[in-house]
Amino acid sequence: RRVHGGNSSRLFLMTQLSRRQAGLTDIVVAGGKAFVKSHPVISFSYVVGLVVCLLGNGLKPSPELVREMEHDLQKAELEYGEHLEAATLRLDRANALYQQSRGWFGRCDEICLRNKATYETALRDYEYFHQNFQNELTRANSKVGVFSEYGVQEARSLFWRMFGHGQKFAKQQTMWDSLFIGIGAMSNDESAVEFLIRLVISLVMNFVLGVFGAFVAFVWNIWSVAKAFGADMFTGTAFATLAILGAFSFSVTWILGLFGSVAGAVYVVAKSAGGDRIEGNRVRPQPIHYRTHVQ
């Protein structure tokens, strides 16, 4: 009888936990359907962005176009590379001398004025060589086009650079937050659970802000990729739009994955705590006492 009572209790516990899990899944699915119905444009854009992320590898240019592009790139490097490097060094030195000779509140004496003139001359030389070098690079890249594998790879490299900056910001901010949260927990006599909850909330918010900032920076800089490949207004706008949709879908998916991971961890902890509570509160079978009859 005791074994039978224990099996019944475990079966009741598993049934209750299964119902909770099924109820949570139904809530998530219903919420997703309601969002799609109420926001069809955002949902369609999200799907298009996912397709761009998964299948948008760019067009493969012909070997002749690739050879022409590589030839023009080498030509630009030979013609302007050394001049641009030398102009950059002159500009750095002239700027350092000019900044050192400036007085308080921007005051500038005769020596400062001469250094300023030298700096402005160096700046004009740098801009001349830099602009010509960029023009040659654009002319070379235009041979394959912005929708080629090279253009798509450049856009992806830009996104991963911005995404890396966002992750770095989130990690640094979380490190400082953990320090101040720990100090506050010690002064307020908070429990370890309260400290962990505040730390997890801070971590999630920091990473959301980091990903959002990376997305905004990518949107701000994506037009430079289209411009670097010599795209016209229509082609550049189409490329930038698809790239932004891809970045949007990836960012949203990453954030949803972060929330799902945190929610899953919380659910596992709550599930374990709920199981222990149900197991502790279940009615234990009472022992059966047999009377002995004396004849």
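Criteria and thresholds
- Residues numbered from 1 in each chain as written.
- Predicted model: local features only at pLDDT ≥ 70, side-chain atom pairs only at ≥ 80, totals over all residues.
- Heavy atoms only, no water.
- Helix = DSSP H or I, 4+ residues; strand = E, 2+ residues; numbered from the N terminus.
- Expected span 1.5 Å × (residues − 1).
- Bend = angle between axes of the 7 residues up to and from the residue.
- Contact = heavy atoms within 4.5 Å.
- pLDDT = per-residue confidence, 0-100.
- Disulfide = S-S within 2.5 Å.
- Buried < 20%, exposed > 50% of the residue type's maximum accessible area, 1.4 Å probe, protein only.
- Axes fitted to C-alpha atoms, helices over the stretch in contact; angles between N-to-C directions.
- Parallel < 35°, antiparallel > 145°, perpendicular 65-115°, else oblique.
- Left-handed = near helix turned anticlockwise from the far one by under 90°.
- Nonpolar A, V, L, I, M, F, W, Y, C, P; charged D, E, K, R; others polar.
- Salt bridge = Lys/Arg side-chain N within 4 Å of Asp/Glu carboxyl O.
- Phe/Tyr/Trp six-rings, centres within 6.5 Å; stacked < 30°, edge-to-face > 60°.

Taking 1.5 Å per residue, 39 residues should reach 57 Å; helix H3 (residues 63-101) reaches 54 Å between its end C-alpha atoms and fits that length. At Tyr-80, H3 is bent by approximately 45 degrees, the largest bend along its length.

For Ser-251, the position within the fold is in helix H7 (residues 233-281). If we skip the residues at most four places from it in the chain, Ser-251 touches Phe-159, Val-211 and Phe-215.

Here we come to the confidence of the model for the protein. Summary statistics for the protein give a mean pLDDT of 83 and a share of 80% for residues scoring 70 or more. Per-residue pLDDT stays below 50 along residues 1-5; that stretch engages in three contacts with residues further than four places along the chain or on separate chains.

With that out of the way, let us pick up the state of the cysteines. Put plainly, a disulfide is one covalent bond tying together the sulfur atoms of two cysteines. Under the definition given, this model contains one disulfide. Covalently, Cys-108 is tied to Cys-112 through a disulfide, its sulfur atoms 1.8 Å apart. Looking along the S-S bond of the Cys-108-Cys-112 disulfide, the torsion reads about -105 degrees, which is the left-handed sense. Judged by its relative accessible area of 0%, Cys-112 falls in the buried class.

Quick look at the packing of H3 against helix H4 (residues 110-141) now. Between H3 and H4, the least distance of the axes is 8 Å, while the angle of their chain directions is 160 degrees. The orientation of H3 relative to H4 falls into the category roughly antiparallel. You can see that H3 and H4 cross each other, and the crossing is left-handed. Partitioned by chemical class, the residues of the contact of H3 with H4 number 19 nonpolar, nine polar and eight charged.

This next bit is on the pattern of salt bridges. Under the definition given, this model contains five salt bridges. Between Glu-68 and Lys-143 there is a salt bridge; the shortest N-O distance is 3.9 Å. In this pair, Glu-68 sits in helix H3 while Lys-143 sits in the loop between H4 and helix H5 (149-187), placing the two residues 75 residues apart along the sequence. Classification of Lys-143 as partly exposed rests on a relative accessible area of 28%. In this structure, Lys-143 and Asp-72 form a salt bridge, with 2.6 Å as the shortest nitrogen-oxygen distance. Taken together, the residues span a long stretch of sequence, with Lys-143 in the loop between H4 and H5 and Asp-72 in helix H3 at a distance of 71 residues. For Asp-72, a relative accessible area of 7% gives the class buried.

Applying the stated criterion across every chain yields a total of 13 aromatic pairs. Between the aromatic rings of Phe-159 and Phe-218, the centroid separation amounts to 5.5 Å while the plane-to-plane angle is 90 degrees, which identifies the pairing as edge-to-face. Of this pair, Phe-159 sits in helix H5 while Phe-218 sits in helix H6 (residues 192-228), and the two are 59 residues apart along the sequence. When sorted by exposure, Phe-159 lands in the same class as Phe-218, which is buried. Aromatic side chains Phe-163 and Phe-250 sit 5.6 Å apart centroid to centroid with 75 degrees between the ring planes, which places their arrangement in the edge-to-face category. Taken together, the positions of Phe-163 in helix H5 and Phe-250 in helix H7 put the pair 87 residues apart, joining distant regions of the chain. The structure contains a cluster of three or more aromatic residues connected by ring pairs, namely Phe-159, Trp-160, Phe-163, Phe-207, Phe-218, Phe-250 and Trp-254.

With respect to the helices, strands and loops of the structure, Ala-170 is situated in helix H5. Note: C-alpha distance between Ala-170 and Val-208 (38 residues apart in sequence) is 8.2 Å. Not counting the four nearest positions on each side in its chain, Ala-170 is found in contact with Asn-206 and Phe-207.

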